[in-house]
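Analysis of the macromolecular model
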Amino acid sequence: MPTDAAPPTARPDVHTRELPGFGLIRLRPVDPAGDADLLHGWVTQERARFWGMADASRERVREIYAHLDSLPTHHAYLMLRDDAPVALFQTYEPEHDPIGEYYDVRPGDFGIHLLIGPPAGPPVPGFTGTLLEEFLTFVLADPARLRIVAEPDARNDKVLARLRRAGFVPGPRVELPHKPAQLLFLPRTAHRR
């Protein structure tokens, strides 16, 4: 299956919104089996090296997302723009994730990971920022989520800059078993929308 086409899925959208001048944004849960080819094509690219799955087989990617799908505290979502897959977003509850051992988790903390898919056409100004803002809007629709937590690889300058532009404030740098991570926090009150 080509990596630029959205595979069929029976999973319903959890968020849909038309963004004038940008397109229809849909967010739906990842289907571990149905999305494995697409996700494998994304996470094994050099540009996604900080995702930590560069050498993963298609079957390993499917297994990882099947495991994630089985957890009530962790979720993966595929974002589509006008029916084309454009990003992978994941959420987690820090108190139920290894990162919770590396900082003082507060009530209302909610973790995210993001991976923007490979470009499929000419550059669109503000593309990544628009996708991230829409995802944050979805996450913060739940009033119990008081602070968004991100812990990207501390060497990933592009995502660190992107998160800071979105209002995230750097916290401590921590050494995880698989990467040096930079904690960043976005208080609900600092979100721009």
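Please read all numbers here as calculations on a predicted model, not as lab measurements.

Concerning the overall build of the protein
Within the protein, the regular secondary structure consists of 4 helices and 8 strands. Counting helices and strands in the order they occur from the N terminus, the protein gives β-β-α-α-β-β-β-α-β-α-β-β. In terms of overall dimensions, the protein has a C-alpha envelope of 45 × 40 × 30 Å along the principal axes. Burial status across the protein gives 48% buried among its 193 residues. Considering only intrachain contacts with a sequence separation of at least 6, the fraction spanning at least 24 residues in the protein is 59%.

Quick notes on the sheet that holds strand E8 (residues 179-187)
Spatially, 8 strands are ordered E1-E2-E3-E4-E5-E6-E8-E7 in an open sheet, and the strand pairing comes out mixed. Here the strands that pair on one side only, and so sit at the sheet edges, are strand E1 (15-19) and strand E7 (169-176). Here the strands of the sheet are splayed against their neighbours by 25° on average, with no regard to which way each runs. Inspection of the sheet shows E1 paired to strand E2 (residues 23-29) by 5 bridges, in the antiparallel sense. Paired with Arg17 across the strands is Ile25, a residue of E2.

Some remarks on the side chain of Asn156
Here Asn156 lies in the loop between strand E6 (147-150) and helix H4 (157-165). Classification of Asn156 as buried rests on a relative accessible area of 16%. Among the polar contacts listed, one links the side chain of Asn156 to the backbone nitrogen of Val159, at a separation of 3.3 Å.

Analysis parameters
Residues numbered from 1 in each chain as written. Predicted model: local features only at pLDDT ≥ 70, side-chain atom pairs only at ≥ 80, totals over all residues. Heavy atoms only, no water. Helix = DSSP H or I, 4+ residues; strand = E, 2+ residues; numbered from the N terminus. Buried < 20%, exposed > 50% of the residue type's maximum accessible area, 1.4 Å probe, protein only. Contact = heavy atoms within 4.5 Å. Pairing = 2+ DSSP bridges. Axes fitted to C-alpha atoms, helices over the stretch in contact; angles between N-to-C directions. Polar contact = N/O pair within 3.5 Å; in protein donor to acceptor, adjacent residues only side chain to side chain.

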